[in-house]
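What follows is the residue order along each chain.
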Amino acid sequence: MDSSSEKVLVVSEIEPRLKHSTVFQYFNDLKEGESFILQNDHDPKPLYYQLKADNGETFTWEYLQEGPEVWKIRIGKHKTKPAATQSDEVVLNATLIEPQYKHATIFAQFDNLREGESFILQNDHDPKPLHYQLQQTRGNIFSWEYLEQGPQWWRIRITKQTPQHGHPALSRAANGEYILNATLIDPQYKHASIFAFFDDHREGESFILKNDHDPKPLYYQLQQNRGDIFTWDYLQEGPDWWIIRIAKKNLHVQKGEQSDEEGVLDATKLSPSVKHAKIFEKIDSLNAGDSFILKNDHDPVPLYYQLQQTRGDEYSWEYIEKGPQWWRVKIGREAKEQQTENSAQNSDDENKLDVTQLPPARKHPTIFERFDELQGGKWLTIYNDHDPKPLYYQLMAERGNIFTWEYLEQGPKLWRVKITKRNAGEFEQTLGEKAAKDFRKAAVFSKYKLNYGFSGKQTVKEACEELGIDVTLVEQELQHVEKGQGNYARPLPYNEWGLDFLSDYIVNTHHSFVRQIVPDLRTASKNVLNQHVKAHPELEEIYSVLDKFTNALAAHIQKEETILFPFIKQLIAAKQGSKQLENTIFDTVAEPVNMLEMEHDTYKDYLADLRKLTNNYALPSDSCASYELMYKLMQDLEADMQIHVHLENNILFPKAIKLEESISK
């Protein structure tokens, strides 16, 4: 065949996260006897193994050029496969995609749309769960139009909406820049919509975010979930409007061959011509029981197939992180006794549903039927050949927060999910309640910036929605804590202590810490103000906030030590029958508790102001030792206040109220 008449797909010019889905779409679109040329800057041999795993012997793979700078391969289809429905629009036939890549491919297709563009999704059963997942992860930025609804085929037109089609939140500035008015977005889709809008921008592009309050939490969330790939520039800061320009950075980094982290092989720092050879060299050097982390800027799943084809089942493959910026995979050589272990083996009495054995049109209805049959406290274990995550969103949307979702196994061949129905009347515990019951969970909350102290009355779901975090990731780590997995230090049993002992502990530990650190913090902040205020005028406001905060905090702990804590000890004595309650200046213990909790809310605002003024404690280039000391002391105080407030808001205060109620009965 004359290669000049064939399509050429230059993979090296495609965004990493879209490379594999694009290649597979090209292959799926081929008719019998057709072919295309794949061109790359390194040997794409792992794709051969993935094509073989997904399509058997229905393709040909012919090297036309093998390096050193360019590789060209002719990929052809020599056996007929079902054709997609004909249409003027792009048609994505989901039945032709390997199950474990199906949702990723559909999302990549959607993300690649421009505003106003659409594609037709064709499937052999209703893909309604994708509607919920799109809504949760991309926000309300699409339309979903059924063109055909069974019984053999479902066809849906999915359109990425433009400002003229259902997007009152979007407008254009005079310079052509988009303005996203967050106040006009449904709160439940707000964070997902902003993240999707950010992800749609190319490097170097920017947009204006407009809100009626400071959206600084989004800055931290972007930083955590997308990394240092953006700039955040305040154009207006209140009092009625906050306007921020958010730009995606141009990232062109020279890549070497060394990893920055011990035990991590960063594939992005390897030359394409030696990348796979280096990875397999690392794999082959592993001893039984050893492992390493492979880090990449797109999903390295083709390597999994190459590893399986060339090395067998001796190695394990576990995803630690799945995009959107980084993928991390733990690759290990299993110990001999583990190599024959069947991970899918379970107890005989397990309530198991193997979804892979069901016809596609019956999968989701059967799952819902089995879930609805469950009694409170009972569970159903789903077995599937790809991640059933869309079911989480559909269950949440159609049944509400009446279940827990626990991954027992996460690929690459098998996914097992334990879905437990909550008991009637059983509500999800709040952040504060979870941390009070098992303080090891506080480390998980801190990792995801969930404020279990000051915002302890929120549920995990509510806190995650506010920050736009995937709640299942947090819940999964919390389940690991419950099972004793991970390196979590044994915590102090705060929740088991008597209230008199806990009160004394707060005084001797946290009040003492405040009294020790505040004088040093005042001195350091005064020195920094005197030395740097000309170059950094914001130091005047930092000093003012610190002055108000520390003065209020000193009065606050004095109230606790002279009013509330002594009264709590009186309640204990009265409960034990050793002493009668004395007259107090308040009617119930709830009065000082409510006052102190309101003061805690004020301290939360002070700490948020300090983070904003210091740009999240980022030291300026001209900082001195006093500057560094001031920032360190401020962060130490914030960390201590998190635990301090947790012990009071989530343990001491509610228990004191219950104690008083038990005495009055």
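Basis of the calculations
- Residues numbered from 1 in each chain as written.
- Predicted model: local features only at pLDDT ≥ 70, side-chain atom pairs only at ≥ 80, totals over all residues.
- Heavy atoms only, no water.
- Helix = DSSP H or I, 4+ residues; strand = E, 2+ residues; numbered from the N terminus.
- Buried < 20%, exposed > 50% of the residue type's maximum accessible area, 1.4 Å probe, protein only.
- Contact = heavy atoms within 4.5 Å.
- Areas by Shrake-Rupley, 256 points an atom, 1.4 Å probe, with all protein chains shown as cover.
- Pairing = 2+ DSSP bridges.
- Axes fitted to C-alpha atoms, helices over the stretch in contact; angles between N-to-C directions.
- Parallel < 35°, antiparallel > 145°, perpendicular 65-115°, else oblique.
- Left-handed = near helix turned anticlockwise from the far one by under 90°.
- Nonpolar A, V, L, I, M, F, W, Y, C, P; charged D, E, K, R; others polar.
- Phe/Tyr/Trp six-rings, centres within 6.5 Å; stacked < 30°, edge-to-face > 60°.
- Salt bridge = Lys/Arg side-chain N within 4 Å of Asp/Glu carboxyl O.
- Expected span 1.5 Å × (residues − 1).
- Bend = angle between axes of the 7 residues up to and from the residue.
- pLDDT = per-residue confidence, 0-100.
- Polar contact = N/O pair within 3.5 Å; in protein donor to acceptor, adjacent residues only side chain to side chain.
- Patch = residues over 30% accessible without salt bridge, like charges linked within 9 Å, V, L, I, M, F, W, Y side chains within 5 Å.
- Lys, Arg positive; Asp, Glu negative; His and termini not counted.
- Charge placed at Lys NZ, Arg CZ, Asp CG, Glu CD.

Asks: Tell me about the overall build of the chain, and please be specific about residues and values.
Replies: On a plain count of helices and strands, the chain comes out with 19 helices and 21 strands. The burial tally for the chain puts 48% of its 665 residues in the buried class. Relative to all contacts within the chain whose residues are 6 or more apart in sequence, the contacts with residues 24 or more apart total 68%. Accessible surface, the chain: about 33,200 Å² in total, of which carbon and sulfur atoms supply 47%.

Asks: Lay out the sheet that holds strand 2 (residues 35–40) with the relevant residues and their values.
Replies: Reading across the sheet, the four strands line up as 1-2-4-3 and stay open at both edges, with mixed pairing between neighbours. Each edge of the sheet is formed by a strand with only one pairing partner; in this case those strands are strand 1 (7–10) and strand 3 (59–66). Strand after strand, the sheet turns through a mean of 25° between neighbouring axes, direction not considered. Note: strand 2 against strand 4 (residues 71–77), six bridges, orientation antiparallel. The partner of Ile37 across the bridge, within strand 4, is Arg74.

Asks: Which residues make up the packing of helix 17 (residues 538–576) against helix 18 (residues 590–613), and what are the values?
Replies: The contact between helix 17 and helix 18 brings their axes to 10 Å, and the two run at 160°. Taken together, the axis directions place helix 17 and helix 18 in an arrangement best described as roughly antiparallel. Judged by the twist between their axes, the crossing of helix 17 over helix 18 is left-handed. Of the residues that constitute the contact of helix 17 with helix 18, the class distribution is 16 nonpolar, two polar and seven charged.

Asks: How would you explain the side chain of His532 if you had to name every residue and give the values?
Replies: If you trace the backbone, His532 turns up in helix 16 (residues 499–532). Here His532 falls in the buried class, since its relative accessible area comes to 10%.

Asks: Can you break down the packing of aromatic side chains residue by residue, with the values?
Replies: A full pass over the atoms with the stated rule returns 25 aromatic pairs. With 6.2 Å between their ring centres and 80° between their planes, Trp144 and Tyr146 make a pair best called edge-to-face. Given a relative accessible area of 15%, Trp144 falls into the buried group. Relative to Tyr407, the ring of Trp405 lies with its centre 6.1 Å away and its plane at 80°, an arrangement referred to as edge-to-face. For Trp405, a relative accessible area of 5% puts it in the buried group. The class for Tyr407 is buried, based on a relative accessible area of 9%. These aromatic residues form a ring-pair network of at least three members: Phe27, Tyr48, Phe59, Trp61 and Tyr63.

Asks: If you had to explain the pattern of salt bridges to someone new, which residues and values would you point to?
Replies: Within the structure shown, the criterion is met by 15 salt bridges. Among the salt bridges present, the one from Asp266 reaches Lys295, with a minimum N-O distance of 4.0 Å. Pair noted here: Asp266 is in strand 14 (residues 264–266) and Lys295 is in strand 15 (residues 291–296), with a separation of 29 residues, a long-range link. Relative accessible area serves as the criterion here: at 5%, Asp266 is assigned to the buried category. One salt bridge in this structure joins Glu409 and Arg416, with 3.2 Å as the shortest N-O distance. Note on Arg416: relative accessible area 8%, which makes it buried. Where salt bridges share partners, they join Asp214, Glu237 and Lys612 into one cluster.

Asks: How would you explain the sheet that holds strand 7 (residues 142–149) if you had to name every residue and give the values?
Replies: In any sheet, the strands associate via hydrogen bonds between backbone groups, in a parallel or an antiparallel arrangement. Strand order in this open sheet of four strands is 5-6-8-7, and the pairing throughout is mixed. Two strands in the sheet have a free side with no partner beyond their single neighbour: strand 5 (91–93) and strand 7. Sheet twist, expressed as the mean angle between neighbouring strand axes with direction ignored, is 25°. Relative to strand 8 (residues 154–160), strand 6 (residues 118–123) is paired through six bridges, and the arrangement is antiparallel.

Asks: I'd like a rundown of the packing of helix 18 against helix 19 (residues 625–664), residues and numbers included.
Replies: Here helix 18 crosses helix 19 at 160°, and the two axes come no closer than 11 Å. The angle between helix 18 and helix 19 falls in the class roughly antiparallel. The element helix 18 and its partner helix 19 pack so that their crossing is left-handed. Contacts between helix 18 and helix 19 pair Ala590, Val593, Leu596, Glu597, His600, Tyr603, Leu607, Leu610 and Arg611 from the former with Met634, Glu638, Met641, Val645, Glu648, Asn649, Phe653, Ile657 and Glu660 from the latter. Partitioned by chemical class, the residues of the contact of helix 18 with helix 19 number eleven nonpolar, two polar and five charged.

Asks: Could you give an account of helix 19, with specific residues and numbers?
Replies: The end-to-end C-alpha separation of helix 19 is 56 Å, in line with the 58 Å expected for 40 residues at 1.5 Å each. Leu652 marks the point of greatest bend in helix 19, at about 35°, and the proline Pro654 comes within the next four residues.

Asks: Any details on the environment of Val507? Residues and values, ideally.
Replies: If you trace the backbone, Val507 turns up in helix 16. Its relative accessible area of 21% is what places Val507 among the partly exposed residues. Taking C-alpha positions, Val507 is 8.2 Å from Ile557, a pair spaced 50 residues apart along the chain. Once residues lying within four places of it in the same chain are set aside, the contact partners of Val507 are Ser512, Glu561 and Phe565.

Asks: Tell me about helix 17, and name the residues and values.
Replies: A rise of 1.5 Å per residue sets the reference length of helix 17, with its 39 residues, at 57 Å; its end C-alpha atoms lie 54 Å apart and thus fit the reference within 8%. Helix geometry: helix 17 is bent most strongly at Glu560, by close to 40°. Two residues or fewer after helix 17 comes Gly577, characterised by a positive phi angle close to 80°.

Asks: Got a sec to walk through the confidence of the model for the chain? Specific residues and values, please.
Replies: Scored by pLDDT, the chain has a mean of 80; 86% of the residues are at 70 or more. Counted against residues more than four places away or in other chains, residues 252–260, with its pLDDT under 50, gives 16 contacts.

Asks: Give a description of the side chain of His511 that names residues and reports values.
Replies: Along the chain, His511 turns up in helix 16. Only 2.7 Å separates the side chain of His511 from the side chain of Glu560, close enough to count as a polar contact. Among all residues touching His511, those that are not within four sequence positions of it are Ile506, Ile557, Glu560, Glu561, Phe565, His644 and Glu648.

Asks: Give me the lowdown on a negative patch on the surface, citing residues and values where you can.
Replies: On the surface, Glu541, Asp601, Asp605 and Asp609 cluster together to form a negatively charged patch. Looking at the negative patch, the element that brings in the most residues is helix 18, giving three residues. Counting through the fold element by element, Asp609 comes out in helix 18.

Asks: Would you mind going over unusual backbone geometry in detail, with residue names and values included?
Replies: The omega torsion across Gly238 and Pro239 is 0°, close enough to zero to call that bond cis. Considering the arrangement of structural elements, one finds Pro239 in the loop between strand 12 (230–237) and strand 13 (242–248). Of note in the backbone geometry, Asn615 takes a positive phi value of approximately 55° without being a glycine. One can find Asn615 in the loop between helix 18 and helix 19. Located in the positive-phi region is Tyr617, a residue other than glycine, with phi close to 60°. Tracing the backbone through its elements, the reader meets Tyr617 in the loop between helix 18 and helix 19. You can call Tyr617 buried: its relative accessible area is 7%.

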